[in-house]
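A closer look at the structure
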Amino acid sequence: MFSTYKTEDVTILLKDISGLVQPQSTEEREKLIQSGKHYSEMLPLEYEPSAAYLKTYYDALERFSKITADAVANVSNWIFAEKGAEVVLVSLARAGTPIGILIKHYLEKKYNCRVNHYTISIIRGVGIDKNAVNFILNRHSPASIQFVDGWTGKGAIQKQLNESMKDFPEIDAGLAVLSDPANVAAKFGTHEDFLIASSCLNSTVSGLLSRTFLRADIIGENDFHGAAFYKNLIDKDLTYQFIESIERHFDFSATFKKFERPKISGLDEVYKIADEFKITDINLIKPSIGEATRVLLRRVPEKILVHSLNDEKNLGHLYQLAKEKRVEVMEYPLKNYKACGLIRALNDL
């Protein structure tokens, strides 16, 4: 699989499907998803950010690089304390990949070790790429494996990972993330719902890779899950600009610290929102700054809930995206999260 990631930073266990799948509009995909077609069988048209939105991205990156770097340091030190120098990072494509690279770089620089890093696909409602897992197990001990992602929303990917690892009981299914507002990750940088700037963009902070893809006519029984490379966006690639911006704030003197866990789980809060807004399918509720951003980028939003309408520091990029897409932003007393995206139901599309 080709990407703009450096080969020494990550081994990409994905099949190249570039040019084999016609991307579809957000509205078309949303109707198909809510009619029962799985999201992994389609690719979205990539949102090309406006100049105004890119400005909010750069502003967010500048403001949140330090807290992101501190979260990388905390979760990296936690990983090393448990796994040691033999750790093998397995990031979940695509949002987990740049985070895996940041953790790899932190560990290697602080502990003077060589860390293997793979990125593989996991798909909600389907499972993890077993061919990719077996590829890794043929080369490394199961005890050394540490799964990595960027953040938790309501915990769906952790739940899917737990289910998938029943086929690989020797592997610890616990996720390591930077931000864990859902209170489900095994290791985390913080429980705070802060903006990880890479969530503001799609492929242009992810090595120009699409989200992962799985459809039987293109992905064979022995293939890895697929992804497309967006070569046409090469002049807009910000992958290493993001990574290097965070790394400039690395604190190698930091030590691992635990944080007090939230009093309620993210899922409890999701069910409260579902009840209040009469939403019968909780898959239409996407809590956390990162997930709310994804709703605006590649779904059809009903509205965006925010803990404050005046939090320009944390939510400025959401305000800008919502303005561009003419989506209502509503203040709501969120507890674990600073934002939550609500997807429009099929009968309203």
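This text follows the structure it describes.
Starting from 1, residues in each chain are numbered consecutively following that chain's sequence as written. Only residues with pLDDT of at least 70 get local features here, since the model is predicted, and only at 80 or more are side-chain atom pairs given and counted; chain-wide, interface and lining totals rely on the full set of residues. Where side-chain values are given, they derive from all heavy atoms of the structure, hydrogens and water being excluded.

1. A look at the side chain of His317
Inspection of the secondary structure puts His317 in helix H9 (residues 312-325). Residue contacts are defined here by distance: any two heavy atoms, one from each residue, within 4.5 Å place the two residues in contact. For His317, the contacting residues outside a window of four places in its chain are Tyr53, Thr56, Leu195, Cys200, Ile289 and Thr293. Starting at the N terminus, helices and strands are each numbered in turn, a helix being any DSSP run of H or I of at least four residues and a strand any DSSP run of E of at least two.

2. A closer look at the packing of helix H2 (residues 51-83) against helix H3 (residues 96-111)
Every angle, taken between N-to-C directions, lies between 0 and 180 degrees, and every axis is a line fitted to C-alpha atoms, over only the stretch in contact when it is a helix. Across the interface, H2 lies against H3 with an axial gap of 9 Å and an inter-helix angle of 65 degrees. Taken as axis vectors, H2 and H3 run roughly perpendicular relative to one another. The chirality of how H2 crosses H3 is right-handed. Along its contact with H2, which presents Val72, Ala73, Val75, Ser76, Asn77, Ile79 and Phe80, the element H3 presents Leu102, Ile103, Tyr106, Leu107, Lys110 and Tyr111. Under this grouping Gly is polar, as are all residues other than the nonpolar Ala, Val, Leu, Ile, Met, Phe, Trp, Tyr, Cys and Pro and the charged Asp, Glu, Lys and Arg. In terms of residue class, the contact of H2 with H3 is made up of ten nonpolar, two polar and one charged. In what follows, roughly perpendicular refers to angles from 65 to 115 degrees, roughly parallel to angles under 35, roughly antiparallel to angles over 145, and oblique to any angle outside these ranges. Left-handed is the label given to a crossing in which the near helix is rotated counterclockwise from the far helix by less than a right angle, and right-handed is the label when the rotation is clockwise.

3. A closer look at helix H6 (residues 239-247)
Within H6, seven of the nine residues are buried, which leaves the element mostly enclosed by the surrounding structure. Exposure classes here rest on a 1.4 Å probe applied to the protein chains alone. A residue is buried below 20% of its type maximum, exposed above 50%, and partly exposed in between. Inspection of H6 places Thr239, Tyr240, Phe242, Ile243, Ser245, Ile246 and Glu247 among the buried residues, and these make up the whole buried set. Of the surrounding elements, those touching the buried residues of H6 are H2 and H3.

4. Notes on the environment of Leu43
Here Leu43 is to be found in the loop between helix H1 (26-34) and H2. We classify Leu43 as buried; its relative accessible area is 2%. Considering only alpha carbons, one finds Leu43 and Gly150, 107 residues apart in sequence, at a separation of 21 Å.

5. Comments concerning unusual backbone geometry
Note that the residue after Ala93, namely Arg94, is joined by a cis bond; omega there is 5 degrees. Structurally, Arg94 can be placed in the loop between strand S3 (88-93) and H3. Unusually for a residue other than glycine, Asn183 sits at a positive phi of about 65 degrees. Position of Asn183 relative to the elements: it lies in the loop between strand S7 (175-179) and strand S8 (187-190).

6. A word on H1
For H1, the complete set of buried residues consists of Thr26, Arg29, Glu30 and Ile33. Angular distribution of buried residues about the axis of H1 spans 100 degrees; they occupy a single face of the element. The first or second residue beyond H1 is Gly36, which carries a positive phi of 120 degrees. For this quantity, the arc is that covered by the directions from the helix axis to the C-beta atoms.

7. Focus: the pairing of strand S12 (residues 328-331)
The side chains of a regular strand alternate, first on one face of the sheet and then on the other. For two strands to pair, DSSP has to find at least two bridges joining them. In this sheet, S12 lies alongside strand S11 (residues 301-306) in parallel orientation, the contact comprising four bridges. Considered in S12, the bridge of Leu305 is made with Met330. By convention, orient the strands away from the viewer: a clockwise path from the first strand over the helix to the second makes the crossover right-handed. On the question of chirality, the crossover connecting S11 to the parallel S12 by way of H9 is right-handed.

8. Quick word on the pairing of S3
For S3, the tally of buried residues reaches six of six residues, placing the bulk of the element in the interior. A two-sided burial pattern is seen for S3, the buried positions comprising Val88, Val90 and Leu92 on one face and Leu89, Ser91 and Ala93 on the other. In the sheet, S3 pairs with strand S4 (residues 116-123) via six bridges, with the strands oriented parallel. Bridging from a neighbouring strand, Val90 pairs with Tyr118 of S4. On the question of chirality, the crossover connecting S3 to the parallel S4 by way of H3 is right-handed. With four bridges connecting them, S3 and strand S6 (residues 145-148) associate as parallel partners. Pairing of Leu89 across the sheet is with Gln146, part of S6.

9. Points about the state of the cysteines
We call a pair of cysteine sulfur atoms a disulfide when they lie within 2.5 Å. Under the counting rule described, the total for this entry stands at zero disulfides. There is no disulfide at Cys200, and the cysteine sulfur nearest it, in Cys340, is 17 Å away. Cys200 sits in the buried class, given a relative accessible area of 0%.

10. Overview of the nonpolar core
Ranked by size, the top nonpolar core spans 61 residues in total, and within it Tyr57, Leu102, Ile103, Leu178 and Phe242 carry the most contacts. Tallying contributions element by element places H2 first for this core, with eleven residues. In this structure, Leu92, Ile136, Phe147 and Phe188 belong to the second largest nonpolar core, which totals 23 residues. For the purposes of this section, nonpolar cores are sets of buried Ala, Val, Leu, Ile, Met, Phe, Trp, Tyr and Cys residues that join through side-chain atoms within 4.5 Å.

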